[in-house]
Structure formats: C-alpha cells, structure tokens
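Each chain is listed here by its residues.
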Amino acid sequence: MKIIIAEKPDQASTLCAQFQRIKRDGYFEIKPNELFPNGAYCTWAIGHLTELSPPEAYKPEWKKWSIPMLPIIPDKFRYEVTKSKAKQFYIVKQLLTNPGITEIIHAGDAGREGELIVRNIIHLAGVKKPIKRLWISSLTPASIYEGFNQLLDDEKTKNLFYEAYSRACADWLVGMNASRVYSLLLKNHGMNDVFSAGRVQTPTLALIVKREREIDEFKPEPFWEVIATFKINGKKYKGKWHKDQQTRVMDQELASKIAAFCKGKPAVIKDVKTERKEYQPPLLFNLSSLQATANKAFKFSPKKTLDIVQSLYQKGIVSYPRSDSTYVTKGEAEQFPDILQKLSVFDEYSHMFPLPKSSILTNSRYVNEKKVTDHYAIIPTEQVRDPKKLSADEQRIYDMIVRRLIAAHYDQAIFDYSTLITLVDGRAEFITKGKQQIQEGWRKVIYQDDKEKDEILPNLQKNDDGIVEKIDTKEGKTQPPKRYTEGQLITLMKTAGKYLDNDELEKVLSKVEGLGTEATRAGIITMLKDRKYIEVKKNQVFATDKAKVLIQAIGDHILASPEMTAKWEQRLSEIGDGHASPSVFMEQTKKLSKKIVSDAIEVSTTWSFEGLKIESIQRTSSRFTIGKKAGKCVLCEGNVVDKGEFYGCTNYKTNHCKFTISKKILGKKISQTNVQKLLNEGQTNVIKGFKKGEKTFDARLEWKSGKISFLFE
C-alpha cells in the first residue's frame, strides 16, 4: 500500500478527488483503483509541520540574549515538530510507520520548498521506505493522473532538498546572529527593540532606505519652460524651446530673455521626423511579473496576489503559481487552441475572437523548452472556469492570466512617433512631439495605462514658414525620486544585481533572479511590514526610523549588500544541480556569521543616529507580551495569559485547565483588548472580516455554553 503526502489539506483533497475515498481524521483513505490497486492513504502537511530548533535546544545558555554568547553556531542542525501543528504531524507519522505502507509518494509543491517540507516530515518520523516524487505543474484531473502514472525516482529531486535545507540552515545562522548582535548593541544606544536582520530582507531594506534618503535629502530647484504657439500655413501648434535635448531653463532671467527674443518673430520648419515602432505582445506571466502587474492595476500587495493565484491553482484552473519562467514547452502550447476555444464562449472574451493567430507553437517568444525551468509560465489550464463564478479578486487575477494568453495570439501594436523642429529667427529651436497608433494589435486585449489619445502633429513640411503667434514661460520645480510601490519592490528585488559594482557578481545575481525567489519575495515584504521596517500608505513604501537605524548601523558591511546573496545563490544553485557540497557551503556560512558579529561589535562605538527618533523605537510586537495577563479564566478562575500563538490558562499544569483562545480565528487576528473584553464581559467588540471559504462576515465572539461562538448583529 502507498501513502501520498501533500503540502496542504486542500491540495490533498484535489489530488484524490477523482478516486473513491473516505475522509478520516487528518487523511483520506483511497479505495482500490486502476492507479492504486491496493488502495492508498493521502495525508498532508499544513505548510511546515517541522521547524529548525531554537538556540536553547542546543545549549540552554543560548536562550539568553548576550554578546559573550555570540556567535551561536550549532555543530549539527536539528529540526523539531512545530508545536501548533503537532497533531497533524503525529497522524502523518502513524501512517508512515504503518507496516502495510511500502512506498511513499512525495506530493509536495514541485519546487525547493515543497521538497524540504515533505522530506523533513519523513526524516523526523524516522522512516526509511522507498520514495517516489509527484512532479506536476497544474492540478487538473488529467495532469494529476499523468503525474501519478509518471512518478519520478527519489534521487531525481534529492539535490533540491539539499539546496533548500542548506538555505534554511544558513539563513538561520545569519539571521539568528545578526539579529541578536544588532539588537543588543542598539539597546546600548537606547533602543529596546528586536532588530531582525537576514540575508535577503536586509539588502532589500537597504535599497528601500537608500531611496528614502534620496527623498529626504532632495532639494527642489525651480525651472522654467518656454512654450511658443506657432502659426504656419494656417495651422496652429505648440512647441518647447530646447537646447542639447533639454527643455528646462534653470534661470528665470534667461527664460524671460528667450521669450522676449522670440515674440512675434518669424518661424520655419527646420526638420520633420517620423519613427515607426513595433511593440510585441507581452510575455506570459511568472509570479513576479504577475505580482507587479496586479499591484499596478489593483494595488494588491504581492502576498495578496500570491494567495489569490494559489487559490486558483488549487481549484485546478491555473498552473503552478510560484514559477519563475515566462515560457512554456510545446506540450503546453499544443493545448492552447482547446483552452482558447473554451474561453471564447464567455462574454468577457468573445469579442476578441477569432484570433489573428490560431497557434503560437513555433513562436520562440513564448515556446522555448530550454528556458522552461522547474515550471512553465502561469497560464489558464484546460479546466476553464467562467470568471463570473469566481470571487471578485479571483476574477481579476484569472482575467489577467487569461488575457496574457489571448494577447500572445495577437499581432504587434504599431505606433508612429513624430518630431517637429521649429526654428525661430534662425537662432532658437523649439521641439514638438506627436504620437499616432497605426495598428492596435494586442492592445485590444490588454488595457494599457498609456492609452492616451493620439497626439497628431499638423501636416507640415520642411521649410514651411510662419510666425510665433504667442509665447509664454511656465515655472515648475524638480521632483524627488518617486517612492517604490509594493509591486515595484518585487521588481527591485528581482533586478538587485544592477546595484553591484562587480560585473561578475551582477551576472550571477541576474542569473539567479536577484534577491529571494518567486516563492519568498512576497513573504519578505510582508516580514518588513510586520517588523515595522516599512509602512505602506496608498501603495507607497515608506522606510521607518527603525529601518534607517539598522541600515545606518550596518553601514557598508556585506550584510546590507546584494553581493552576499549573489554569492550564496550561486552556490545554492550549484548544490541544487549536484555540483557543490552542502557541507562546504555551511562551513563558509559559519565563518560569515562570526564576521558579522565581530564587525558589528567593532563599529558600534562609532554609531551616531542624529536626526532619527530613536526614543520611539521600543518593543511593541506581540512577541514581547508573552506571559502578559489578559484576564481571569472563565473555567477555573486562573489567569489567562499570552502564550505566543494563543491565549491560555496558567493552571494548565496544576489542574489541567484546557481554556485557550487562538490569536487567529478564520483569518482574523484576535487582539488582547478583545480577549480581555471576552473574559470580562462575555463578548468582544464587532470584529470585521472573518473569512470562511470565499465568504467574509463580521461578528462578535462570545463565551456561551462552555465554548467560544460567533454572535451576529
């Protein structure tokens, strides 16, 4: 008998949906069928069921945050069961150790992280049984069936586990030591807070702080533009004075002199140029480009976009979301005509058919076997869904993915860009620019922000002449660099290599797709928000004083530079390919951790944070409220205190009181204020935004009949 281990419960449900099955506690029992003649069990993780052990698990004295204890470097890393998910782990372990189980099917997400999640469970369960790998890029019944029919050998993906394991351990080492040393040293400067630091989050934060400084230090300067209205051959148009490609005059007196000189003077067409440009349809989406585009269009955070596309993937209607590729193989391209035909019946898309190109099978812009990595681009699957049957947010993301595929079957968009140079009195040149759409092409399918009206210039020829009918000067001010949006942060992380001076390292970082991975970038941005390093207001990213303090303290050291990530990602990629040793990599990381600690201690005496509100940087995160009393227990009159991930009674050990309240219920965080109100008054305030399936609702929580329940208004 075989056991299938999926990464999440809903994925497990989808994987065995086409088989007769019985739902058990923590797993499905699949009845015998063609694929599994003896039947099978299908169980799941809940994301990570295991986690790297904390420092005190290696040495009790490491629990205390102390400079003399640093660096913290375990001889050998250990994983342990995540306490909040222990029940599911032991269900999986019991199934794995069942003597009747002869083979394990690893059905985690087809990528590094999925490889790590499931293999860690198997290792921690102490089981050594044959493993096969399910490796699929969509959850349609056909893909699942084909995947189970073509399971990969265990050794085929084992190096991805070594890569992910090395990444996790190395990140633990650097993060643990860097966070402790900077938190302790900055505490000596009056900041009693945790300063989290890490291999990816810190160089990302450094780039954000750099932009913040550029904005803070920017001094606006006034400038003037000289704008003339010409009348030539009875036709009127406007032009800007220019010299050396510049239309701005930084001196008001000079601008006034230019205007005075040109007033009423003769004008002649010096040159007329028209350049035709063709724009190819956009590439298919990978996760980063989808996140950036959704943020620009709908102001969705990268995490929200990932959550939505993950939901669409689990419904089986789009392919694997954490893809870094914008290409597909011929196998996928051969299915496009059928997928598009199914889409053509919906009102949203019917007007786009018939398509200018019936197939893109031979178009290397989209179909390229060599450029498909672990997964192909994010595309709609053959399990086409009526967009109207999706939630509003799912409709938006699904529509974007569908339109990208349709646009790939359209012709290029063509524009003519015209430039008119007008010479006044033989001395002053004015420039006028125009734009005209010649062929709409794919722009019929994908809305563009720049769909402004054509600016068509008057039909004039070289040497046509007339006069300056009117002339004005217009004052403006130079603007600071724009703040990043959350979507631009994704692009910033992906293209971080261009901020390196070293050409070789820039190439490396470009090859490994910058800071982080498709799967982790949204999480890094969320982490920066949660740890109060950045604030997002109206989709604009602001660096806090806490962020400025940390980056100023780190200075030019390697921790804040993309250089370290470039070197790491190169080596990790080599481990994943089986060309580098994980143990050698870890030895190098241990040396780096020691250097990070010694460098911080050495420069801390020179730190100065003048101009920053350091007194406001104090502990506010819930991690520092652990043990704080929330109220009296409603079961035993003991104290209910903050336990980290939940609120619980302090009499748990003495009289086995089991009163607990989760800090998160149906997607909503339950504040300590509401817990206090529940304990004291029997019900909370109205909490908005509980989510069950695709529906959201508002309700109070109340203590009734010995349990917590919802109270609707």
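Quick caveat: nothing in here was measured; it's all calculated off a predicted structure. (Residues numbered from 1 in each chain as written. Predicted model: local features only at pLDDT ≥ 70, side-chain atom pairs only at ≥ 80, totals over all residues. Heavy atoms only, no water.)

(A) Structural context of the overall build of the chain. Secondary structure assignment for the chain yields 21 helices and 26 strands. Principal-axis analysis of the C-alpha atoms places the extent of the chain at approximately 100 × 65 × 60 Å. For the chain, buried positions account for 50% of its 713 residues. For the chain, the proportion of contacts with a sequence separation of at least 24, taken over those separated by at least 6, is 72%. By element, 48% of the accessible surface of the chain is carried by carbon and sulfur atoms, the whole surface being about 35500 Å². Distance between charge centroids for the chain: 5 Å, based on 115 positive and 90 negative side chains. (Helix = DSSP H or I, 4+ residues; strand = E, 2+ residues; numbered from the N terminus. Buried < 20%, exposed > 50% of the residue type's maximum accessible area, 1.4 Å probe, protein only. Contact = heavy atoms within 4.5 Å. Areas by Shrake-Rupley, 256 points an atom, 1.4 Å probe, with all protein chains shown as cover. Lys, Arg positive; Asp, Glu negative; His and termini not counted. Charge placed at Lys NZ, Arg CZ, Asp CG, Glu CD.)

(B) Spatial organisation of the sheet that holds strand 25 (residues 695-704). One open sheet holds the three strands; their spatial order is 24-25-26, and the pairing between them is antiparallel. Whereas interior strands pair on both sides, the edge strands pair on one side only; in this sheet they are strand 24 (687-692) and strand 26 (707-711). This sheet shows a mean twist of 60° between the axes of neighbouring strands, independent of strand direction. Note that strand 25 and strand 26 share five bridges and pair antiparallel. If you follow Trp703 over to strand 26, its bridge partner there is Ile708. (Pairing = 2+ DSSP bridges. Axes fitted to C-alpha atoms, helices over the stretch in contact; angles between N-to-C directions.)

(C) Seen up close, the pattern of salt bridges. One pass over the structure, following the stated rule, counts 44 salt bridges. With its nearest N and O atoms 3.8 Å apart, the salt bridge here joins Lys132 to Asp153. Within this pair, whereas Lys132 is found in strand 8 (residues 131-133), its partner Asp153 is found in strand 9 (residues 152-153), the two being separated by 21 residues in sequence. Among the residues examined, Lys132 registers a relative accessible area of 27% and is labelled partly exposed. Take Asp153: its relative accessible area is 41%, and that puts it in the partly exposed class. In this structure, Arg483 engages Glu212 in a salt bridge whose closest nitrogen and oxygen atoms are separated by 2.7 Å. Here Arg483 is found in the loop between strand 15 (465-477) and helix 14 (486-494), whereas its partner Glu212 is found in helix 6 (residues 201-217), with 271 residues between them in sequence. Glu212 matches Arg483 in its accessibility class, with the two residues each being buried. (Salt bridge = Lys/Arg side-chain N within 4 Å of Asp/Glu carboxyl O.)

(D) Molecular detail of the side chain of Glu7. Its place among the elements puts Glu7 in the loop between strand 1 (2-6) and helix 1 (9-15). Aside from chain neighbours lying at most four places away, what touches Glu7 is Ala45, Ile46, Gly47, Ala107, Gly108, Asp109, Gly114 and Ile117.

(E) The arrangement of the environment of Thr419 in detail. Tracing the backbone shows Thr419 in strand 13 (residues 413-424). For the pair Thr419 and Asp393, spaced 26 residues apart in sequence, the C-alpha to C-alpha distance is 42 Å. Not counting residues within four places of it along the chain, the set of residues in contact with Thr419 comprises Asp271, Val272, Lys273, Ile431, Thr432, Lys433 and Leu457.

(F) Inspection of helix 9 (residues 302-314) at higher detail. Spanning 13 residues, helix 9 covers 18 Å between terminal C-alpha atoms, matching the ideal 18 Å at 1.5 Å per step. Among the residues of helix 9, Pro302, Thr305, Leu306, Ile308, Val309, Gln310, Leu312, Tyr313 and Gln314 are the ones counted as buried. Downstream of helix 9 by a residue or two, Gly316 has a phi angle that is positive, lying close to 85°. (Expected span 1.5 Å × (residues − 1).)

(G) Structural detail: the pairing of strand 16 (residues 534-537). As defined by bridge partners, strand 16 adjoins strand 17 (residues 540-543) across four bridges and the pair is classed as antiparallel. Directly across from Lys537, in strand 17, lies its bridge partner Gln540. Counting the residues in the hairpin turn of strand 16 and strand 17 gives two residues, including Lys538, whose phi is positive at 50°.

(H) Structural view of unusual backbone geometry. The omega torsion across Leu70 and Pro71 is 0°, close enough to zero to call that bond cis. By secondary structure assignment, the location of Pro71 is in the loop between strand 5 (50-52) and strand 6 (79-81). The omega torsion across Phe353 and Pro354 is 0°, close enough to zero to call that bond cis. Here Pro354 is to be found in the loop between helix 12 (347-350) and helix 13 (392-407). In the Ramachandran plot, Lys299 falls in the positive-phi region, its phi being about 60° despite a non-glycine side chain. Mapped onto the elements, Lys299 comes out in the loop between helix 8 (287-298) and helix 9. Unlike most non-glycine residues, Asp425 shows phi in positive territory, near 50°. Take Asp425: it is sitting in the loop between strand 13 and strand 14 (428-439).

(I) Seen up close, helix 6. For helix 6, spanning 17 residues, the distance from its first C-alpha to its last is 24 Å, which sits close to the expected 24 Å at 1.5 Å a residue. Where burial is concerned, most of helix 6 is hidden: 12 out of the 17 residues are buried. Against the buried residues of helix 6 lie helix 14, helix 16 (521-530), strand 16, strand 17, helix 17 (545-554) and helix 18 (562-576).

(J) Looking closely at the packing of aromatic side chains. Per the counting criterion, the structure on display carries 27 aromatic pairs. A ring pair is formed by Phe161 and Tyr165, whose centres lie 5.7 Å apart and whose planes are at 45°; its orientation type is tilted. Taken together, the residues span about one helical turn, with Phe161 and Tyr165 both in helix 5 (residues 154-187) at a distance of four residues. Overall, Phe161 belongs to the buried group, its relative accessible area being 6%. The class for Tyr165 is partly exposed, based on a relative accessible area of 24%. Cluster of aromatic residues (ring-pair linked, three or more members): Tyr58, Trp62, Phe77 and Trp172. It is Arg248 that lies over the ring of Phe223; its NZ or CZ is 3.9 Å from the centre. Just above the ring of Phe298 sits the side chain of Arg396; from NZ or CZ to the centre is 5.5 Å. (Phe/Tyr/Trp six-rings, centres within 6.5 Å; stacked < 30°, edge-to-face > 60°. Lys NZ or Arg CZ within 6 Å of the ring centre and 35° of its normal.)

(K) Region of the structure containing the packing of helix 18 against helix 19 (residues 582-603). The geometry of helix 18 relative to helix 19 is characterised by a closest axis approach of 10 Å and an angle of 160° between their N-to-C directions. Between helix 18 and helix 19, the interaxial angle falls into the category roughly antiparallel. The handedness of the crossing between helix 18 and helix 19 is left-handed. For the pair helix 18 and helix 19, contact is made by Met564, Trp568, Arg571, Leu572 and Ile575 and by Pro582, Phe585, Gln588, Thr589 and Leu592, respectively. Its residues assigned to classes, the contact of helix 18 with helix 19 comprises seven nonpolar, two polar and one charged. (Parallel < 35°, antiparallel > 145°, perpendicular 65-115°, else oblique. Left-handed = near helix turned anticlockwise from the far one by under 90°. Nonpolar A, V, L, I, M, F, W, Y, C, P; charged D, E, K, R; others polar.)

(L) Examining the environment of Asp109 more closely. Along the chain, the position of Asp109 falls in the loop between strand 7 (103-107) and helix 3 (112-124). Using a relative accessible area of 4% as the deciding quantity, one classes Asp109 as buried. Once the C-alpha coordinates of Asp109 and Tyr27 are considered, the two residues, 82 residues apart in sequence, prove to be 18 Å apart. Not counting residues within four places of it along the chain, the set of residues in contact with Asp109 comprises Glu7, Lys8, Gln11, Gly114, Glu115, Arg133, Tyr313, Tyr320 and Arg322. A distance of 2.7 Å separates polar atoms of two side chains, one belonging to Asp109 and the other to Gln11. (Polar contact = N/O pair within 3.5 Å; in protein donor to acceptor, adjacent residues only side chain to side chain.)

(M) Expanded view of the state of the cysteines. By the definition in use, this model includes zero disulfides. Not engaged in a disulfide, the cysteine Cys633 finds its nearest cysteine sulfur in Cys657; these two sulfurs lie 3.6 Å apart. (Disulfide = S-S within 2.5 Å.)

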